[in-house]
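Listed here are the chains, written in short residue letters.
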Amino acid sequence: MSPHPAARAFPAPAKLNLSLRITGRRPDGYHLLESLFCLIDLCDTVWLLPRSDGQIILHNPAGGIPPEQDLSYRAARALQQFSGSPQGVEIWLNKRIPSGGGLGGGSSDAATVLLALNHLWRTAVPPEQLHTLGLALGADVPFFLFGQNAFAQGIGEILRPMAVPEQWYVVVHPHTHVSTPKIFAHPDLTRNSPPCPNPSFEQLQPFRNDMQAVVLAEYPSVAAAFRLLQNHGRPQMSGSGACLFLACATQSEAEHIRSRLPENLASWCVRGLSRHPLSAMLCP
Ligand code: C5P
C-alpha cells in the first residue's frame, strides 16, 4: 500500500558497529558493551500522516508481525502515552535495510518515529526523555536519537560523540537470520574484553567484534560469506550479524569489490555519514 499523498517522508539510516567489545554482564543478564557506531546512507523511509482521532495505524509492519509488535508502532504509542497527546498517526514503512541483519533497521525506524512525531505533534518532549523512551524500546534506539557517530558504553545507552573518517563500505547480507539472544547466551562468547581506557578512533584499533567468532562457528552461511570477503580485505560483522562489511577508502574501491561478489549475495556500497539526516531536517 503506497503512502497517502499528504504523508511526510522521514529517513531512517542504518548503522555499522565498526568495533564491538563485550566488557561484562549486568546482574539482569544484559551484556555491557563498548562499541563504535557509524551511520551509513542505506536508509529506510518512514512516512507519517498525523490523525486527529488518536489512532495509531501501521500499514506494513516489517517481517509479517502484528503491527502492535513493530518497533515503529510501539515508538508512536510510547510518545503518545508519555506526552498525553490526543493525536494519532498513520505510518508507512519503506524498508531497504534488511531486518534482523545487525544494521539497526527496526531501531532506526523507531528513533525516526520518535523524532519526527515529536516535531509533527508539537509535543516538545526533551531529548533526555526521548532517550529514555527509546531505550525502553531497544538498546540501539538511543544511538539513532543521538544524531551523530558515537562511542557507546553500558548496553548502548551511554553515548559520546566520536568522529569517523569519511569511508565507504561494502555491506553483505548472507541470507541467514542470526538469533541475537542465542549469541548473547552462547557459552563461548567473549565477555571479558578489557575496556578501552582512552577511547578514540585510533585507540580502538584494531577493530573487532566479540560476537563474530561465535556467529561464524554457528552459522556456516555467514562463515562462507566471510571467507569470500577475505579475498578483498579484512571483513567484520556488524552487531550480532548476519551482515558483514569491508571498509574502503573510496567509492570506486567499494564498487570494484562489490562487482566481484557473486550475484546471489545481497550487497550494497554505502557511504559513512557524519550526522543523522534528520538532525538537519528537524534542527536547521
Ligand atoms: O535489545 P534487543 O531487544 O536487541 O536484545 C535482544 C536480547 O539480546 C536481549 O533480550 C538480551 O538477551 C540480549 N542482549 C544482551 N545484552 C545487550 C543487548 C541484548 O544480553 N547489551
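What you are looking at is a predicted structure, and each value in this text was computed from that prediction instead of being measured.

**What to know about the site of the ligand**
Alright, step 1. Within the structure, the ligand sits among G29, Y30, H31, L33, A139, I155, T180 and F184.
Alright, step 2. Expressed as a share of its isolated accessible area of 460 Å², the protein-covered part of the ligand is 66%.
Alright, step 3. Of all the secondary-structure elements, those providing two or more residues to the shell around the ligand are β2 (31–51) and α5 (180–185).
Alright, step 4. For the shell around the ligand, the residue count by class is five nonpolar, three polar and no charged.

**Describing the side chain of H173**
Alright, step 1. Within the element layout of this structure, H173 appears in strand β7 (residues 168–173).
Alright, step 2. When its relative accessible area of 11% is taken as the criterion, H173 is described as buried.
Alright, step 3. Non-local contacts of H173, meaning those with residues more than four positions away in its chain, are made with P98, G101, A242, C243, L265, A266 and W268.

**Comments concerning the pattern of salt bridges**
Alright, step 1. A full pass over the atoms with the stated rule returns eight salt bridges.
Alright, step 2. D140 serves as the salt-bridge partner of K15, at 3.7 Å between the closest nitrogen and oxygen. Linking K15 in strand β1 (residues 8–25) with D140 in the loop between α3 (127–137) and α4 (141–146), this pair joins segments that are 125 residues apart in sequence.
Alright, step 3. Relative accessible area serves as the criterion here: at 22%, D140 is assigned to the partly exposed category.

**Some remarks on the domain arrangement of the protein chain**
Alright, step 1. Domains assigned within the protein chain are domain 1 (8–161) and domain 2 (168–271).
Alright, step 2. With centres defined by C-alpha atoms, the gap from domain 1 to domain 2 works out at 22 Å.
Alright, step 3. In this assembly, 28 residues from domain 1 lie in contact with 33 residues from domain 2.
Alright, step 4. When domain 1 packs against domain 2, close to 2600 Å² is buried across both sides, 60% of that on carbon and sulfur atoms.
Alright, step 5. Broken down residue by residue, the surface that domain 1 buries against domain 2 is led by L18, R21 and I22, which jointly contribute 25%.
Alright, step 6. The tally of links between domain 1 and domain 2 comes to zero salt bridges.
Alright, step 7. One can count 17 residue pairs in polar contact (both at pLDDT 80 or more) joining domain 1 with domain 2.
Alright, step 8. Sorting the residues of the side of domain 1 that touches domain 2 by element identifies β1 and β2 as the ones contributing at least two each.
Alright, step 9. With eleven residues, β1 is the largest single contributor of residues to the side of domain 1 that touches domain 2.
Alright, step 10. For the side of domain 1 that touches domain 2, the class distribution of residues is 13 nonpolar, eight polar and seven charged.

Rules used throughout
Residues numbered from 1 in each chain as written. Predicted model: local features only at pLDDT ≥ 70, side-chain atom pairs only at ≥ 80, totals over all residues. Heavy atoms only, no water. Near = heavy atom within 4 Å. Areas by Shrake-Rupley, 256 points an atom, 1.4 Å probe, with all protein chains shown as cover. Helix = DSSP H or I, 4+ residues; strand = E, 2+ residues; numbered from the N terminus. Nonpolar A, V, L, I, M, F, W, Y, C, P; charged D, E, K, R; others polar. Buried < 20%, exposed > 50% of the residue type's maximum accessible area, 1.4 Å probe, protein only. Contact = heavy atoms within 4.5 Å. Salt bridge = Lys/Arg side-chain N within 4 Å of Asp/Glu carboxyl O. Domains from an automatic or database assignment. Buried area = accessible area lost by both parts, 1.4 Å probe. Polar contact = N/O pair within 3.5 Å; in protein donor to acceptor, adjacent residues only side chain to side chain.

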